[in-house]
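Observations on chain architecture
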Amino acid sequence: MADSAAQDATEQLLDLKLAFLAGEPPACVLALARKDLVDLQLIWNSGYLANLQVDRHQNSTYTTTILKRIISEAELSSDAVSDELYEEFSQRMLSKAKDSLLNRMDHIYKEISFLSSTHDNTSSRLISVVARLSCSSNMLEGDTGCSLWPSSLFLSEFILSYPKIFSTKCCFELGSGVGLVGICLNYVGASKVILTDGDTSTLTNMKENMKLNNLCIEQEDSKVLKESKNKVECNYLSWEEVSESDLSAYQPDIVLGADIIYDPVCVPHLVQVLSMLLRPDRRQGKTNGKSGDECETEGPVAYIATVVRNAETFNCFAKAAADAKLYAVNITSSAAPSNFLPYMLSYDRSNVQLLKITLLS
Ligand SMILES: C[S@@+](CC[C@H](N)C(=O)[O-])C[C@H]1O[C@@H](n2cnc3c(N)ncnc32)[C@H](O)[C@@H]1O
């Protein structure tokens, strides 16, 4: 009985820590603590949270906002606020101006930790993969590509839930943004990971993120990278500009995309790129394992995760896809991924749809 209570308390602290490192909105971090009846004042004074930040300067605005919320909540509930908290808050406010001159205050480092369950008695939850990402606090920066969107969390959970679909496969992502999906593809052993985006500032941020995770192909001096067989390529690819011959260099088995169906102007170009990438005859020498006369070329498959914010835009995609002989099946329920991010209260997985798309012959 006592052991299980201690384990619960450890898990609650772990959730709080992971939510903080993932840069969850301050209101969600506080809600998590409230839900688990964790005394945040006590935890804060112990230094448990603030000492966790890898880059304390980069994330100082975030950390200060959390501290401010803890103080306000305690004041509102007429709890006594300790002098240490007030003292720390005023120190943080004083150093804020200095930090803002030295650092990009509009970016925050997030550590997204995917938790998996085990049946082991000693530890019920293990962290399978941790992705370190620099993300913009401004959702529109880099044509929306410098923020982390729920569809990429969902697609990442899908990859980690069904690793066999992706292991040993050449995977190609469209509109990769901060690059989270690439980190998960690398983790499950994809033979090649190619991330692309049509926005140059997003691409620069994505490459930085791959470096942070020791996965950038341009990072030639990295010892870890030299020893690792899987490296992540980050390439510029605009759906409007790319031609069939540009794509001939790629022969993906799997095409992926998260939150890329949102602009009706881009939809026809996106559908055209998907059609080109999914054409089986682009891939030479890739067969379904049969030989001789029975030899057929296996077509590539696309997995697209999307939040339907505007039904008209989504219908426009569905129609353009059908016209281009793209066959889309909604597999959100039939292949529902595991919940590897239980501590992320801001992530509403119920809004995300997952499509499996193939090209009809
Ligand atoms: C909403 S963000 C999603 C980013 C990431 N996949 C995620 O879910 O976190 C859309 C991404 O698609 C890219 N994008 C939008 N239109 C594009 C186009 N026409 N060509 C190439 N990339 C495009 C944007 O630059 C951005 O990175």
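The following paragraphs examine the structure supplied in this document. Only a predicted model underlies this, so the values are computations on that prediction, with no experimental measurement involved. (Residues numbered from 1 in each chain as written. Predicted model: local features only at pLDDT ≥ 70, side-chain atom pairs only at ≥ 80, totals over all residues. Heavy atoms only, no water.)

1. Examining the nonpolar core
Counting residues in each nonpolar core, the largest one holds 73 residues, and the members touching the most others are Ile112, Leu155, Phe166 and Tyr343. Counting only domains with at least three residues in this core, you end up with domain 1 (2–105) and domain 2 (138–359). If you look at the next biggest cluster of nonpolar residues, it comprises 28 residues, including Val242, Leu247, Cys266 and Ala321. (Core = buried A, V, L, I, M, F, W, Y, C linked by side-chain atoms within 4.5 Å. Buried < 20%, exposed > 50% of the residue type's maximum accessible area, 1.4 Å probe, protein only. Domains from an automatic or database assignment.)

2. Describing helix α13 (residues 311–323)
Here α13 spans 18 Å end to end across 13 residues, near enough to the 18 Å set by a 1.5 Å rise per residue. Of all the residues in α13, the buried ones are Thr313, Phe317 and Ala321. Here the buried residues of α13 occupy an arc of 75° about the axis, which is enough to place them on one side. α13 presents Glu312, Lys319 and Asp323 as exposed residues on the side facing more than 90 degrees away from its buried surface. (Helix = DSSP H or I, 4+ residues; strand = E, 2+ residues; numbered from the N terminus. Expected span 1.5 Å × (residues − 1). Arc of directions from axis to C-beta.)

3. With respect to the pairing of strand β3 (residues 170–174)
Burial analysis of β3 places five of its five residues in the buried class, which makes it a mostly covered element. In β3, alternate side chains face the same way, and those of Cys170, Phe172 and Leu174 on one face and Cys171 and Glu173 on the other are all buried. Since β3 and strand β4 (residues 192–197) lie parallel, the crossover through helix α8 (residues 180–187) that links them has a hand, and here it is right-handed. Alignment of β3 against strand β6 (residues 254–258), held across four bridges, turns out to be parallel. Pairing of Cys171 across the sheet is with Ile254, part of β6. (Right-handed = clockwise from strand over helix to strand, strands pointing away. Pairing = 2+ DSSP bridges.)

4. Regarding the environment of Cys170
Mapped onto the elements of the fold, Cys170 is located in strand β3. With a relative accessible area of 9%, Cys170 lands in the buried category. Sequence separation between Cys170 and Ile194 is 24 residues, and the spatial gap between their C-alpha atoms is 8.0 Å.

5. A look at unusual backbone geometry
Within the chain, Thr168 stands out as a residue other than glycine whose phi angle is a positive 65°. Take Thr168: it is sitting in the loop between α7 (163–166) and β3. According to the relative accessible area criterion, Thr168 is exposed, its value standing at 61%. Phi is positive for Asn214, which is not a glycine, with a value near 60°. Here Asn214 lies in the loop between α9 (200–212) and α10 (223–227). The exposure class assigned to Asn214 is partly exposed, which follows from its relative accessible area of 28%.

6. Remarks on the environment of Ser152
One can find Ser152 in helix α6 (residues 150–161). Overall, the relative accessible area of 11% leaves Ser152 in the buried class. Between the C-alpha atom of Ser152 and that of Val178, which follows or precedes it by 26 residues, the distance is 9.4 Å. Excluding its chain neighbours within four sequence positions, the residues that come into contact with Ser152 are Leu180, Val181 and Ala258. Among the polar contacts made by the side chain of Ser152, one reaches the main-chain carbonyl oxygen of Trp149 at a distance of 2.9 Å. (Contact = heavy atoms within 4.5 Å. Polar contact = N/O pair within 3.5 Å; in protein donor to acceptor, adjacent residues only side chain to side chain.)

7. Some remarks on the pattern of salt bridges
Under the defined criterion, the tally for this structure stands at nine salt bridges. Put simply, Glu88 and Arg92 hold a salt bridge, and the shortest N to O gap is 3.0 Å. Taken together, the residues span about one helical turn, with Glu88 and Arg92 both in helix α5 (residues 83–102) at a distance of four residues. Taking relative accessible area as the criterion, Arg92 reaches 16% and is therefore assigned buried. (Salt bridge = Lys/Arg side-chain N within 4 Å of Asp/Glu carboxyl O.)

8. Brief notes about the site of the ligand
Around the ligand, 23 residues are found, and the nearest of them are Trp149, Gly175, Asp197, Glu240 and Ala258. Here an oxygen atom of the ligand sits 3.1 Å away from a polar atom, N or O, in the side chain of Ser152. At a separation of 2.8 Å, a nitrogen atom of the ligand approaches a polar backbone atom of Gly175. The protein chains hide 97% of the 590 Å² of surface that the ligand would expose on its own. Looking at side-chain class alone, the shell around the ligand contains seven nonpolar, 11 polar and five charged residues. (Near = heavy atom within 4 Å. Areas by Shrake-Rupley, 256 points an atom, 1.4 Å probe, with all protein chains shown as cover. Nonpolar A, V, L, I, M, F, W, Y, C, P; charged D, E, K, R; others polar.)

9. Some details on the environment of Asn213
Looking at where Asn213 falls in the secondary structure, it is placed in the loop between α9 and α10. Each C-alpha atom, one on Asn213 and one on Leu133, is 8.3 Å from the other, the two residues being 80 residues apart in sequence. Leave out the neighbours within four places in its chain, and Asn213 touches Val130, Ala131, Arg132 and Ile183. Here Asn209 takes part through its backbone oxygen, which lies 2.7 Å from a polar atom of the side chain of Asn213.

10. Some points on the packing of aromatic side chains
Evaluation of the coordinates by the stated rule reveals seven aromatic pairs. Among the aromatic residues, those joined into a cluster by ring pairs are Phe158, Tyr162, Phe166 and Tyr303. (Phe/Tyr/Trp six-rings, centres within 6.5 Å; stacked < 30°, edge-to-face > 60°.)

11. Here's the deal with the sheet that holds strand β7 (residues 301–307)
Read from one edge to the other, the open sheet built from seven strands follows the order β5-β4-β3-β6-β7-β9-β8, with strand pairing classed as mixed. Only two strands of the sheet have a single neighbouring strand rather than two, namely β5 (232–236) and β8 (326–330). For this sheet, the mean angle separating the axes of adjacent strands, direction not counted, is 20°. With five bridges connecting them, β6 and β7 associate as parallel partners. When the bridges of β7 are listed, Ile254 appears paired with Val301. Strands in contact with α8 are β3, β4, β5 and β6; relative to β4, the strand with the most contacts, it is inclined by about 175°. Along the sheet, α13 contacts β7, β8 and β9 (352–359); its crossing angle with β9, the most-contacted strand, is approximately 15°. (Axes fitted to C-alpha atoms, helices over the stretch in contact; angles between N-to-C directions.)

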